[in-house]
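# Examining the three-dimensional arrangement
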Amino acid sequence: MKPERREFGNTVNPRVTLAPQYSADHLDEDHFNKTGEFLYIETIDQEEMVDPFDEGLAPEAYWAEGWNLGYYMGYRSDFCWHIDVPCKMFPTRYRVADFELSRSFRRVLKLNADLQCVVRPFRVTPAKDALDQLHCYSRFQKLKPLLSKIYTNLRHRCAPIYEVTVFHPVRGIIAFTLIEIGHNASYAVRTAWTPDEKPRSLGTFTFLKAVEYARSLGFEHHYVGPTILADPAFSYKLRFPACELYEWEANEWVASDSERANAMFVAPFRHRRWDPETNDWAE
Amino acid sequence: MNEKDTLRLFDLALAREIIRMDRDELLRFVESREEQLRGMPGKRSVFVFSNDRVSTRTTAMVFDEFFKEDPAEVRQMLIHDLCYPNEPFEINYYARCGYLDHLSSIHVNSVDEPTNGGAISSRDLLPWPEDSEACYWTRRFDVLDRDHIGLMSEALRKNREKVTTEEYTKQLLTLRSMEKTLDLEPNLRVAYIYDR
């Protein structure tokens, strides 16, 4: 399929960077149980209004600072709970030009040569809704809101959403990934695949197809949401080449296989101590 | 689910002709269709606007002006004005899913090959360069045949209880009428036009 025409040039001016706003909302319970001290974990949990009709809005300028874009809001956070343990989240992206296929990725493509893929504007359909629920339950042991509920207002999103849909010659749709299309980058917002075709590695396959599409458009980066090191459902992202992680403090992207990334993984959260005597944060 | 995707009859043979024609053939074609173009409401083929045109400037002069600037846009305008014989019809969620969830919604790789029952994407059909105005104005569409419309009718019937009787009837009648038209007119297809 031919690449889409981009309506703007490839140059994206960075938006004015808002410094990450830390808030100390989470009591470090481990520390409290051991010492009785009120130590709070400082995390970033920011929201910002975004005008989806602003023609000058460059989605990738937001993505490059760890934001996700909704209808009218941008969100970003460096924190989540995994099995009741606070974990760091690192927004993740790939340098498309440097993304080289290893032998195992080529094997995945070859293994799935009988499947057909289409890239087109995303439309919610019953088949995709059912597949999404099946995938969520098998992978995360919980159900998520239906696609038809989340994406009722596709027309009002800042970046159009396209679907990379994978069809099996007999079974129909067996995998899809939804990608937001910016001016020089794409962002995978949701992926689902049928759990009963495990040998096909459909998650990897759809990812490779999304990168292939980003490459066909001449994009610089492909974003995939956050990596959570402790959670295998998210840490798999580090297996792919040309991977970069967002360094919150420095507002920079760091190669995932660098020393600096390793240091980011082991760095503890910032903490603030609450002083019950003065009823205020301690110095 | 709020996207307003539409269906329109589409003259694929004529569109291919317009894409194939060189400058001279295209001018002759415009002159032969000038009356029809002038009489159309909401047309995009601005080079035949008679009212706004200084009387000394002939159709050929204005045509050349546009053609020199962007031949793709001229062709796009003609396709827009002449290849859709009816008004757009908004297809509902249940009917459109019959097409979108089916394997045949995958586009064939080449428009010159037999379609293998697959739809044709406007991205493959229209040869506009990526940065042309024509590309900007063309809304993305898939060219469907009768079987695709059949899939939509079937999906609509399966979800009969989920739509109002009025909507069900309107949708089904339109789909059936399109099926009949495609049976009678071998050059015609249906364009599934994606909402922006």
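Residues numbered from 1 in each chain as written. Chains lettered and ligands numbered in written order. Predicted model: local features only at pLDDT ≥ 70, side-chain atom pairs only at ≥ 80, totals over all residues.

## Let's talk about the overall build of chain A
Across its full length, chain A holds 8 helices and 16 strands. The globule rule puts the C-alpha radius of gyration for 283 residues at 19 Å, and the 20 Å found for chain A is close to it. For chain A, the spread of C-alpha atoms along the principal axes amounts to about 70 × 40 × 40 Å. Counting every position in chain A, which comprises 283 residues, the buried fraction comes to 35%. Excluding contacts between residues fewer than 6 apart, the proportion of contacts in chain A whose partners are at least 24 apart in sequence is 61%. (Helix = DSSP H or I, 4+ residues; strand = E, 2+ residues; numbered from the N terminus. Rg over C-alpha atoms; globule rule 2.2 N^0.38 Å. Buried ≥ 20, exposed ≤ 12 C-beta atoms within 10 Å, placed from the backbone. Contact = placed C-beta atoms within 7 Å.)

## Section: the pairing of strand S5 (residues 188-193) of chain B
Residue and element names in this part refer to chain B. Here S5 lies mainly inside the structure; 6 of its 6 residues are buried. On S5, burial covers both faces: Leu 188, Val 190 and Tyr 192 on one face and Arg 189, Ala 191 and Ile 193 on the other are all buried. By the bridge criterion, 6 bridges tie strand S1 (residues 6-11) to S5 in an arrangement that is antiparallel. When the sheet's bridge partners are listed, Phe 10 is paired in S5 with Arg 189. Here strand S4 (residues 141-144) runs beside S5; their pairing, made up of 4 bridges, is antiparallel. Paired with Phe 141 across the two strands is Ile 193, which belongs to S5. (Pairing = 2+ DSSP bridges.)

## Re the sheet that holds S4 of chain B
Sheets are built from strands paired through backbone hydrogen bonds, the pairs being either parallel or antiparallel. The strand order S2-S1-S5-S4-S3 (chain B) describes an open sheet built from 5 strands, whose pairing is antiparallel. Of all strands in the sheet, those with a lone pairing partner are strand S2 (89-90) and strand S3 (120-121) of chain B, marking the two edges.

## Here's the deal with the packing of helix H2 (residues 23-32) of chain B against helix H4 (residues 59-69) of chain B
Residue and element names in this part refer to chain B. In the contact formed by H2 and H4, the axes pass within 11 Å of each other and the chain directions differ by 135°. Here H2 lies oblique to H4, going by the angle between them. As H2 runs across H4, the sense of the crossing is right-handed. Seen from H2, the contacting residues are Arg 23, Leu 27, Val 30 and Glu 31; seen from H4, they are Thr 59, Ala 60, Phe 63 and Phe 67. Its residues assigned to classes, the contact of H2 with H4 comprises 5 nonpolar, 1 polar and 2 charged. (Axes fitted to C-alpha atoms, helices over the stretch in contact; angles between N-to-C directions. Parallel < 35°, antiparallel > 145°, perpendicular 65-115°, else oblique. Left-handed = near helix turned anticlockwise from the far one by under 90°. Nonpolar A, V, L, I, M, F, W, Y, C, P; charged D, E, K, R; others polar.)

## What about the sheet that holds strand S9 (residues 161-168) of chain A?
All names here are of chain A. Within the open sheet, the 8 strands sit side by side as S8-S9-S10-S11-S12-S7-S13-S14. Their pairing is mixed. With partners counted over all chains shown, the strands left at the sheet margins are strand S8 (116-121) and strand S14 (252-255), one partner each. Averaged over neighbouring strand pairs, the angle between their axes works out to 30° when direction is ignored. Taken together, the 4 bridges between strand S13 (residues 243-247) and S14 define a ladder with antiparallel strand orientation. Its bridge partner lying in S14, Glu 244 is registered against Ala 255. Against the sheet, helix H4 (residues 126-140) makes contact with strand S10 (172-181) and strand S11 (185-193), and its axis sits at roughly 90° relative to S10, the strand it touches most.

## What about the environment of Pro 186 of chain B?
Residues and elements named next belong to chain B. In this fold, Pro 186 is placed in the loop between helix H10 (165-184) and S5. For Pro 186, a count of 9 C-beta atoms within 10 Å gives the class exposed. Measuring from C-alpha to C-alpha, the distance between Pro 186 and Tyr 84 comes to 15 Å, with 102 residues separating the pair along the chain.

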